[in-house]
Amino acid sequence: MQKGLFITFEGADGCGKTTQIKLVKDYLEKSGYEVVLTREPGAKGLGEKIREILLNYDGIVSDRCESFLFLADRAQNIDTIVNPAVEKGKIVLCDRHIDSTVAYQGYGRGLDLKRINKLNLLATDGRVPDLTIVFDIDVETSMQRVGKEKDRMESAGIEFHNRVRNGYLEIAKNEPERVKVVDGREGIEKVFENVKDLINKTLQK
Ligand code: TYD
């Protein structure tokens, strides 16, 4: 049986990854692959409830509590959606995953990176993406694209979002084999050409 793949998409709010994931899904399905789409936070089922709290709860949420909620959602996504599909030979495309926690809670909120990595490992039970694509855009473009209606995370401020962006670039520098950076400011078509290139290389491995 053909081996499944786990591909994750990362980047700042408004970086365009959700559009690209849909293009990738169509492209892979047309090439005959079985594709499963999922996201964090908010995978189908319990994840949707956790997402609701994370993005809309308007009381105090401590940084550690926020991290555990993202991690709880991740564990559920891995156990109930990602692993079963990859084991059946499918290609799983996931909108945000471990690197969001490193970038947002680690670099952004300032929580200890080593601890976050350990907790991520607990949440994923050792599953590592075969490929991670980071869509890089500057914070001004990101905030413009998000617009005025901001959720709890998007309202965290320019400095926070600059730390998140730099966090992603650091992650890519530290793990160049797994994590590839694509310039998210180019047009949808051009970005997709670059994405397709990365996906095809991973398929050929
Ligand atoms: P979402 O609406 O999914 O953002 P986007 O469409 O840009 O992906 O909201 C997810 C928000 O949660 C986003 O601001 C990033 C944040 N987040 C974290 O802070 N840590 C995490 O571990 C994850 C998965 C997401």
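So, how was this worked out
- Residues numbered from 1 in each chain as written.
- Predicted model: local features only at pLDDT ≥ 70, side-chain atom pairs only at ≥ 80, totals over all residues.
- Heavy atoms only, no water.
- Phe/Tyr/Trp six-rings, centres within 6.5 Å; stacked < 30°, edge-to-face > 60°.
- Helix = DSSP H or I, 4+ residues; strand = E, 2+ residues; numbered from the N terminus.
- Buried < 20%, exposed > 50% of the residue type's maximum accessible area, 1.4 Å probe, protein only.
- Near = heavy atom within 4 Å.
- Polar contact = N/O pair within 3.5 Å; in protein donor to acceptor, adjacent residues only side chain to side chain.
- Areas by Shrake-Rupley, 256 points an atom, 1.4 Å probe, with all protein chains shown as cover.
- Nonpolar A, V, L, I, M, F, W, Y, C, P; charged D, E, K, R; others polar.

1. A short note on the packing of aromatic side chains
(1) Moving on: Evaluation of the coordinates by the stated rule reveals 4 aromatic pairs.
(2) Moving on: Ring centres of Phe9 and Phe135 lie 6.3 Å apart, and the angle between their planes is 10°; this geometry places the pair in the stacked category. Taken together, the positions of Phe9 in strand S1 (residues 5–11) and Phe135 in strand S4 (residues 131–136) put the pair 126 residues apart, joining distant regions of the chain. As far as the burial class goes, Phe9 and Phe135 line up, both buried.
(3) Moving on: Note on Tyr104 and Phe160: the rings are 6.0 Å apart at their centroids and 55° apart in plane angle, and the pair reads as tilted. Of the two residues, Tyr104 is situated in helix H4 (residues 98–108) and Phe160 in helix H7 (residues 158–174); the sequence distance between them amounts to 56 residues.
(4) Moving on: Among the residues examined, Phe160 registers a relative accessible area of 4% and is labelled buried.
(5) Moving on: An aromatic cluster is built from Tyr104, Phe160 and Tyr168, whose rings are joined through pairwise contacts.

2. Quick word on the site of the ligand
(1) Moving on: What surrounds the ligand is a group of 15 residues, the closest being Asp13, Lys17, Arg96, Thr101 and Gln105.
(2) Moving on: Contacts to the ligand include Arg74, whose side-chain N or O atom sits 3.1 Å from an oxygen atom.
(3) Moving on: Thr101 has a polar side-chain atom sitting 2.5 Å from an oxygen atom of the ligand.
(4) Moving on: For the ligand, whose unbound accessible area comes to 550 Å², protein coverage reaches 91%.
(5) Moving on: Counting residues per element, the shell around the ligand draws most heavily on H4, which supplies 4 residues.
(6) Moving on: In terms of residue class, the shell around the ligand is built from 5 nonpolar, 3 polar and 7 charged.

3. Description of unusual backbone geometry
(1) Moving on: Of the consecutive residues Glu40 and Pro41, the connecting peptide bond is found in the cis state with omega at -10°.
(2) Moving on: Mapped onto the elements of the fold, Pro41 is located in the loop between strand S2 (35–39) and helix H2 (46–56).
(3) Moving on: One non-glycine residue, Asp125, lies in positive phi territory at about 55°.
(4) Moving on: Within the secondary structure layout, Asp125 lies in the loop between helix H5 (113–124) and S4.

Spatial relationships are all this shows, so hold off on functional conclusions.
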